[in-house]
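What follows is the residue order along each chain.
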Amino acid sequence: MNQDQLKQAVARAAVEYIKPKLEANSIVGVGTGSTANYFIDFLAEIKGLFDGTVASSDASAERLRQHGIPVYDLNTIDNMVVYVDGADESNPRLHLIKGGGAALTREKIVAAVADEFVCIADESKWVDCLGAFPLPVEVIPMARSQVARELVKLGGDPVYRQGVTTDNGNIILDVHNLRIEDPVAMEMAINQIVGVVTNGLFASRPADVLLLARASGVDTLHKPLPIGD
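Every value quoted in this text rests on a predicted model; they were computed, and no experiment measured them. (Residues numbered from 1 in each chain as written. Predicted model: local features only at pLDDT ≥ 70, side-chain atom pairs only at ≥ 80, totals over all residues. Heavy atoms only, no water.)

What follows deals with the pattern of salt bridges. Oppositely charged side chains can pair when the atoms bearing their charge come close. Applying the stated criterion across every chain yields a total of 15 salt bridges. Linking arginine 179 and glutamate 181 is a salt bridge whose minimum nitrogen-to-oxygen distance equals 3.1 Å. Here the two residues arginine 179 and glutamate 181 agree in accessibility, since each one is exposed. Salt-bridge contacts for aspartate 208 lead to lysine 223; the nearest nitrogen and oxygen are separated by 3.2 Å. Taken together, the residues span a long stretch of sequence, with aspartate 208 in the loop between strand E11 (201-202) and strand E12 (209-214) and lysine 223 in the segment after strand E13 (217-222) at a distance of 15 residues. Taking the relative accessible area as the measure of exposure, lysine 223 reaches 37% and is therefore partly exposed. (Salt bridge = Lys/Arg side-chain N within 4 Å of Asp/Glu carboxyl O. Buried < 20%, exposed > 50% of the residue type's maximum accessible area, 1.4 Å probe, protein only. Helix = DSSP H or I, 4+ residues; strand = E, 2+ residues; numbered from the N terminus.)

A contiguous nonpolar patch, built from Ile140, Met142 and Val197 and spanning about 300 Å² of accessible area, is present on the exposed surface. Among the secondary structure elements, isoleucine 140 is positioned in the loop between strand E7 (135-139) and helix H5 (144-153). The partly exposed category is assigned to isoleucine 140, whose relative accessible area is 35%. (Patch = residues over 30% accessible without salt bridge, like charges linked within 9 Å, V, L, I, M, F, W, Y side chains within 5 Å. Areas by Shrake-Rupley, 256 points an atom, 1.4 Å probe, with all protein chains shown as cover.)

Our next topic: the sheet that holds strand E10 (residues 196-199). Taken together, four strands build an open sheet; the order of strands is E8-E9-E7-E10 and the sheet is antiparallel. The strands lining the two open edges of the sheet, one partner per strand, are strand E8 (157-160) and E10. Put simply, the sheet's adjacent strands are angled 30° from each other on average, direction ignored. Where E7 and E10 come together, three bridges link them in antiparallel fashion. Note on E10: the bridge partner recorded for glutamate 138 is threonine 198. Sheet strands in contact with H5 are E7, E8, strand E9 (171-176) and E10, and its direction is about 20° off that of E9. Where helix H6 (residues 183-191) meets the sheet, it contacts E7 and E10, and its direction lies at approximately 165° from that of E10. (Pairing = 2+ DSSP bridges. Axes fitted to C-alpha atoms, helices over the stretch in contact; angles between N-to-C directions. Contact = heavy atoms within 4.5 Å.)

Moving on, we come to the packing of helix H2 (residues 34-43) against helix H3 (residues 58-66). Helix-helix packing is characterised by the crossing angle of the two axes and by the distance between the axes. Running from N to C, H2 and H3 point in directions that differ by 20°, and their axes come no closer than 9 Å. With respect to H3, the axis of H2 lies roughly parallel. Crossing of H2 over H3 shows right-handed handedness. Listed contacts from H3 to Asn37, Ile40, Asp41 and Leu43 of H2 are Ser60, Arg63 and Leu64. (Parallel < 35°, antiparallel > 145°, perpendicular 65-115°, else oblique. Left-handed = near helix turned anticlockwise from the far one by under 90°.)

A separate point is H5. Restricting attention to buried positions, one finds in H5 the residues Val147, Ala148 and Leu151. In an axial view of H5, the angular spread of the buried residues amounts to 105°, which keeps them on one side of the axis. Of the residues in H5, the exposed ones pointing more than 90 degrees away from the buried face are Arg149 and Lys153. For H5, the secondary structure elements touched by its buried residues are E7, E8, E9, H6 and E10. (Arc of directions from axis to C-beta.)

To continue, consider the sheet that holds strand E4 (residues 89-90). In any sheet, the strands associate via hydrogen bonds between backbone groups, in a parallel or an antiparallel arrangement. Pairing is antiparallel across the open sheet formed by three strands, whose spatial order is E4-E5-E11. Either end of the sheet is taken by a strand with one partner, and the two such strands are E4 and E11. Here E4 pairs with strand E5 (residues 96-97) via two bridges, running antiparallel. Across the sheet, residue serine 90 finds its bridge partner in E5, namely leucine 96.

So, on to the nonpolar core. What tends to happen in soluble globular proteins is that the nonpolar side chains get buried as a cluster. Formed by 29 residues in total, the largest nonpolar core has its most connected members in Ile18, Val28, Phe39, Leu43, Val84 and Ile120. Mapped by element, the contributors of at least two residues to this core are helix H1 (3-18), strand E1 (27-30), H2, H3, strand E3 (82-85), strand E6 (117-122) and E12. Per-element tally for this core: the top contributor is H1, with six residues. The residues touching valine 84, leaving out its near neighbours within four places in the chain, are Ala14, Ile18, Gly29, Val30, Gly31, Phe39, Val118 and Ile120. Core analysis: the second largest hydrophobic core is formed by 20 residues, Val127, Leu135, Val137 and Leu151 among them. (Core = buried A, V, L, I, M, F, W, Y, C linked by side-chain atoms within 4.5 Å.)

Right, here's the structure in full:
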């Protein structure tokens, strides 16, 4: 199977995974990116089983509407049964790097609201240590140079993503050459830099479940219990 076929397989598996959780009043959170796009297309086949969705980007919202799936503003809903989204990297603790599509801030907000966060990815995204994929950081435009200097102090090599403006009107710095051995600490440290909106580490709130597509099939991996539990 090529990578595109793996993405389709895991997107299909995600629909089957969430189907038993859905009720007539359920809201489904939907992420952004190529794998999420396949999920949207397959989700349309069961759109009669749930009420509607919340999207993490304008692009995903438009794709959902094209399928006739209602899209709600997050402020108008009080419960979200599940959020399904892709990732750029995942480690065995289901800490993620996200933001290749520049939707990281809205993705992080939607993930925080959902009862369950289901990540869908192909086997190329599985790593022992995060950081080979450049870490996206959403930044207030006037703070770009200041934030870049602070990211260098943390050991990274920030590169301005030319020509990209987020749905929130901000810019992206992609931080290369980070070996992120403590994702929770790194996430918190970067978010403390004045001018940073958020960064693409999903470690304080990792995925609850990772559906990982391999040539042999789709594996279901669960977030490890905290040490001592």
